[in-house]
Amino acid sequence: MSTPGRSSPPDGDAALRAVTGLAARLSGTVVVGIALFVLWQAWPALQAVGPLRFVTDAGWHPLAQPAQFNLLPMLVASVAVTLGAMLLAGPLGLFTAIFMTDYAPPALARLLRGVVELLAGVPSVVYGLWGLVTLVPLLAAWQPPGASLLAGILVLALMILPTMVLASHAAIAGVAAEHRLTVAALGFSCAGSLWGVLLPAARAGLCGALLLSTTRALGETMAMLMVTGNVARMPDSLFAPARTLTANIALELAYAMDRHRAALFVGGLLLTALVLALVRLARGLGCAWRHA
Amino acid sequence: MSIHSLPTTTCAEPVPQTALQALDLTVRYRGRAALRGVNLTVADGSVTALIGPSGCGKTSFLNCINRMTDLIAGCEVSGTLSLFGEDVLTDGSNLLALRRRVGMIFQRANPFPLSIRRNLDLPLREYGIRSASERAGRLEQALRDVGLWREVIDRLDDPALALSGGQRQRLCIARAIALEPQVLLMDEPCSGLDPHATAAIEDLIHGWHGRYTVLIVTHNLAQARRVSDHTAVFWLQDGAGTLVEHGPTGALFAAPRHPVTADYVAGRAG
Amino acid sequence: MRDRLSAVAAWGAAGMVLAAFAWLIGDVLWRGLPGLSWQFLVSAPADAGRAGGIASILLATVWILAIAIGTALPLGLATAVWLAEFGHRQPRLQGHVNHALDVLAGVPSIVFGLFGNAFFAVTLGLGFSILSGGLTLACMALPILVRVTGAGLQAVPAELRQGAAACGLTQWTTLSRLLLPAALPALLAGTLLGIGRALAETAALIFTSGYVDRYPGSVFDSARALSVHIYDLAMNVPGGERNGYASALVLVALILCINLATHALARGWQRSMS
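Residues numbered from 1 in each chain as written. Chains lettered and ligands numbered in written order. Predicted model: local features only at pLDDT ≥ 70, side-chain atom pairs only at ≥ 80, totals over all residues. Heavy atoms only, no water.

A. Seen up close, the overall build of chain C. A count of helices and strands for chain C gives 11 helices and 2 strands. When its helices and strands are written in sequence order, chain C yields α-α-β-β-α-α-α-α-α-α-α-α-α. Summarising its shape, the C-alpha atoms of chain C cover approximately 70 × 65 × 35 Å along the three principal directions. Relative to its 274 residues, chain C shows a buried fraction of 56%. Here the contacts in chain C between residues at least 6 apart in sequence split such that 73% fall between residues at least 24 apart. Of the roughly 10700 Å² of accessible surface on chain C, a fraction of 67% belongs to carbon and sulfur atoms. (Helix = DSSP H or I, 4+ residues; strand = E, 2+ residues; numbered from the N terminus. Buried < 20%, exposed > 50% of the residue type's maximum accessible area, 1.4 Å probe, protein only. Contact = heavy atoms within 4.5 Å. Areas by Shrake-Rupley, 256 points an atom, 1.4 Å probe, with all protein chains shown as cover.)

B. Main features of unusual backbone geometry. The residue after Gln65 of chain A, namely Pro66 of chain A, is reached through a cis peptide bond having omega -5°. With respect to the helices and strands, Pro66 of chain A occurs in the loop between β1 (60–61) and β2 (68–69). The peptide bond linking Pro144 of chain A to Pro145 of chain A adopts the cis configuration, its omega dihedral lying at 10°. Turning to its location among the elements, Pro145 of chain A is positioned in the loop between α5 (124–142) and α6 (149–185). Positive phi, normally seen in glycine, also occurs at Arg30 of chain B, with a value near 45°. Within the secondary structure, Arg30 of chain B sits in the loop between β1 (18–29) and β2 (32–43).

C. Up close: the interface of chain A and chain C. Facing the 79 residues of chain A at the interface are 78 residues of chain C. Taking both partners together, chain A and chain C bury about 7000 Å²; carbon and sulfur atoms supply 78% of that area. Inspection of the chain A/chain C interface yields 0 salt bridges. Across the contact surface, chain A and chain C share 8 residue pairs in polar contact (both at pLDDT 80 or more). (Buried area = accessible area lost by both parts, 1.4 Å probe. Salt bridge = Lys/Arg side-chain N within 4 Å of Asp/Glu carboxyl O. Polar contact = N/O pair within 3.5 Å; in protein donor to acceptor, adjacent residues only side chain to side chain.)

D. Local environment of the pairing of strand β3 (residues 47–51) of chain B. All names here are of chain B. Within β3, 5 of the 5 residues are buried, leaving the element largely enclosed by the surrounding structure. Taking every second residue as pointing to the same face, both faces of β3 are buried, with Val47, Ala49 and Ile51 on one and Thr48 and Leu50 on the other. In terms of strand pairing, β3 meets strand β9 (residues 230–237) through 4 bridges, oriented parallel. Note on β9: the bridge partner recorded for Ala49 is Thr231. (Pairing = 2+ DSSP bridges.)

E. Spatial organisation of the side chain of Asp102 of chain A. All names here are of chain A. Secondary-structure assignment places Asp102 in helix α3 (residues 72–103). We classify Asp102 as buried; its relative accessible area is 18%. Not counting residues within four places of it along the chain, the set of residues in contact with Asp102 comprises Arg180, Cys190, Leu194 and Leu198.

F. Molecular detail of the nonpolar core. Ranked by size, the top nonpolar core spans 223 residues in total, and within it Leu143 and Trp208 of chain B carry the most contacts. With 19 residues, α6 of chain A is the single largest residue contributor to this core. Discounting residues that sit within four places of it in the chain, Trp208 of chain B has contacts with Ile173, Ile177, Leu184, Met186 and Val214 of chain B. By size, the runner-up hydrophobic cluster in this structure holds 35 residues, among which are Ala19, Leu35, Val38 and Cys56 of chain B. (Core = buried A, V, L, I, M, F, W, Y, C linked by side-chain atoms within 4.5 Å.)

G. Up close: the packing of aromatic side chains. All names here are of chain A. For the coordinates displayed, the defined rule picks out 14 aromatic pairs over all chains. Geometrically, the ring pair formed by Phe37 and Trp40 is edge-to-face, given 5.3 Å between the ring centres and 75° between the ring planes. Separated by 3 residues within a single helix, Phe37 and Trp40 lie in helix α1 (residues 11–48), roughly one turn from each other. The class for Phe37 is buried, based on a relative accessible area of 11%. (Phe/Tyr/Trp six-rings, centres within 6.5 Å; stacked < 30°, edge-to-face > 60°.)

So, in structure tokens, the structure goes:
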């Protein structure tokens, strides 16, 4: 018989609590560690070059004498491909989600959902391969050189479409269940219930879907590296080659030294700051934020 | 204090010992009182029925006794509650030992999703009984006590969830009494059962007089009259549940002192 | 009118989505199948990957995944257990950990690559190695593992916990004998999902596990994951497209298997919970 009257919980439970508590603290620390480490690595550049020069230098020539570190062309390219992809994938994803809840015969909806789920898991390097080998030559025949902002936008739109569809479908299906009967009882038309009731009710989830897709797009590296042409210049048209912040890091980290290397970490810092700002924005707007 | 020595010493005394004493017991959920100022003394070996309308704190009261309240986020218990003279609510007291002395039966039978045998074996093993033969003996005794032994003897290793509703509830009772508790808390144990299964459980409770101290929450007044020797009436006052009357069951039903009790037992309120 | 317009837009969008995806998948099948054979799976790459197969690449991928999941799973499981079973006693810490995990899930993979390169490869001196790559992926997979496992634990009926507590079971027994078995399918689904994510990852691996396409001898060797192999063949090896597509087909097939297994688990789990 165990000893009643003992005042502390059994050793096993205390150990369990201690060990899992330690794990939880460690898991929570990972993100802080990453932030601090990237900041620490970027610090030499921030200090020696100064934050201002990352937007005012004549260009991105990290190996020139004197070196120049303007990240603005890459930032513009990143934002441009992201916005372009969202403009395409946003409405397309939303309507596909509406199709799945409201219009599709059940079998077709299931098929579509299966396909979209599979595509959500397809690695970005495969999208990049397809873009590089199939899409870019097509674009090149029309508007050379092919590898361009537009190629980036198209590939990225396709890549984030699954996220957009799945997240907005979850949002709409979530409210449809509770409102559908009421709406039908009130004699609403299909479109009337959709635009008048369901979409407004799913607002929080839809806004979360949009912002989740945006962060995915902004952070995408491989596909952008493979289809945008990687020229570190301010893009002046949709058909001009460009280089995103993410591709810039992937291209140069292998050989970057000293201040150049630190400058790449500044790019990573900027990227993280943008994503965190979006997450903040999502919370601020009251979006239902879910990492699917 | 040893768990086993208690019942034998108390049986010899002419006046029943106090099993449970609540003084000014109050339960709050996130600052809102659900149960306020309960004073109740329960004699050892008695069966007490807790009656009253829904939401007047009966279950909250039960949950204090084995500190299930600890599982509810934002739940605060104040006042004092003692079990055979030992304070229950102090932070330092041994929760697991307390819950082994106080068994609980829930409204919805909740056998573990394991075999019938493991349902009893697992807590017994936790209880520190190393010997397999002793565990087997206790298992058989507990299942016999609840009248389940004959029904399950040839399928002890089948999943417990395959049993019928009444059998499940009796299995849960067996699981509780296998630990040889002093007190049994029953929270509407028969509300989901048919009359036949209900009768089987009421028979069990009859057999427990003097052996376990039983507190049973029920909405069935006839059941309260049948099984209990004391009845406590809970009622909602000023937004929180409280104890309005308490006494021997026969006297309480025959001549209720409190007007709400009179209305309630006559079926005019609640 | 509006009804008609909505219907047209919905059908049109779905049609476009299906067509685009058919194009993508068809392209991978069309160009990938000719290069795919048993020989391709079991022979080592030759001539910078243009010839030969992907055997050493597959082996390296398995090693990297094993390190990633082997590290992230215990940590993620323990974190999920703490959040679900003990966290409510320290609500502030619980909030911080949840928030940190949400932020971690949003960090772009190239930033994990930067961190992995600077921390594991350089600061800890692990160099370009399977260990660096695996640990970097472990950081990435952590939020998914915690979320899915946590959801599994939370979905265990409250009655089970009450019953266990009322019997005076210790938390260790409750967890190991009752809660974890009940949440096992979710745990497996989370692990599979984490493997899927790790398998798809490229950017975080280029600068941590590296490019070497030989058979790895130990976890301290540099090795090339399947996704990195596809990237390298497509971008850096003229004439590598055929094998690049065949590798892409293998990768997509692996992801498909993982998706199907996750679904089967999730369905079985929903049945057992209801």
